[in-house]
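Understanding the architecture of this molecule
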Amino acid sequence: MATTASVDRSSTGLSAASLLAPFRAAGRLLIAMAEASPQMRALNRLNQLSDQELAAKGLTRDGEIRRILGGAAVL
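Below, the structure is looked at part by part.

How each quantity is defined
- Residues numbered from 1 in each chain as written.
- Predicted model: local features only at pLDDT ≥ 70, side-chain atom pairs only at ≥ 80, totals over all residues.
- Heavy atoms only, no water.
- Core = buried A, V, L, I, M, F, W, Y, C linked by side-chain atoms within 4.5 Å.
- Buried < 20%, exposed > 50% of the residue type's maximum accessible area, 1.4 Å probe, protein only.
- Helix = DSSP H or I, 4+ residues; strand = E, 2+ residues; numbered from the N terminus.
- Contact = heavy atoms within 4.5 Å.
- Salt bridge = Lys/Arg side-chain N within 4 Å of Asp/Glu carboxyl O.
- Axes fitted to C-alpha atoms, helices over the stretch in contact; angles between N-to-C directions.
- Parallel < 35°, antiparallel > 145°, perpendicular 65-115°, else oblique.
- Left-handed = near helix turned anticlockwise from the far one by under 90°.

Let us look at the nonpolar core. Side chains of nonpolar character tend, in soluble globular proteins, to be buried together. Among the nonpolar cores identified, the biggest contains five residues, and these are Ala42, Leu46, Leu54, Ile65 and Ile68. Counting residues per element, the ones that place at least two in this core are α2 (38–48) and α4 (61–69). Contact partners of Ile68, with chain neighbours within four places excluded, come to Gln39, Ala42, Leu43 and Leu46.

If you want it as structure tokens, here you go:
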């Protein structure tokens, strides 16, 4: 014999998605702010360069990361 169970989700209570929505929005805002920072843009430009291109300019990736991030660089 087979049995089935059904769940009625039409209640008007708060769902988990509606409770989490403000936190997700705040997270997206923080990510957008970080991606818009000058440091992040400089790191993205650095990532576009190959090690050979950096060497041709007399630079190293580690040195450039330290220059961009300053004291915040932990390598």
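Read on, since the account is not over.
All told, the structure shown has two salt bridges when counted by the stated rule. Among the ionic pairs, Arg61 bridges to Asp51, the shortest N-O distance being 2.9 Å. Of this pair, Arg61 sits in helix α4 while Asp51 is found in helix α3 (residues 51–56), placing the two residues 10 residues apart along the sequence. Note on Asp51: relative accessible area 51%, which makes it exposed.

Packed helices, taken two at a time, are described by their axes: the angle between them and the distance between them. Between α2 and α4, whose axes approach to 10 Å, the crossing angle comes to 165°. Comparing the axis directions of α2 and α4 gives the class roughly antiparallel. Classified by chirality, the crossing of α4 by α2 is right-handed. Touching Gln39, Ala42, Leu43, Leu46 and Asn47 of α2 are Arg61, Glu64, Ile65, Ile68 and Leu69, all from α4.

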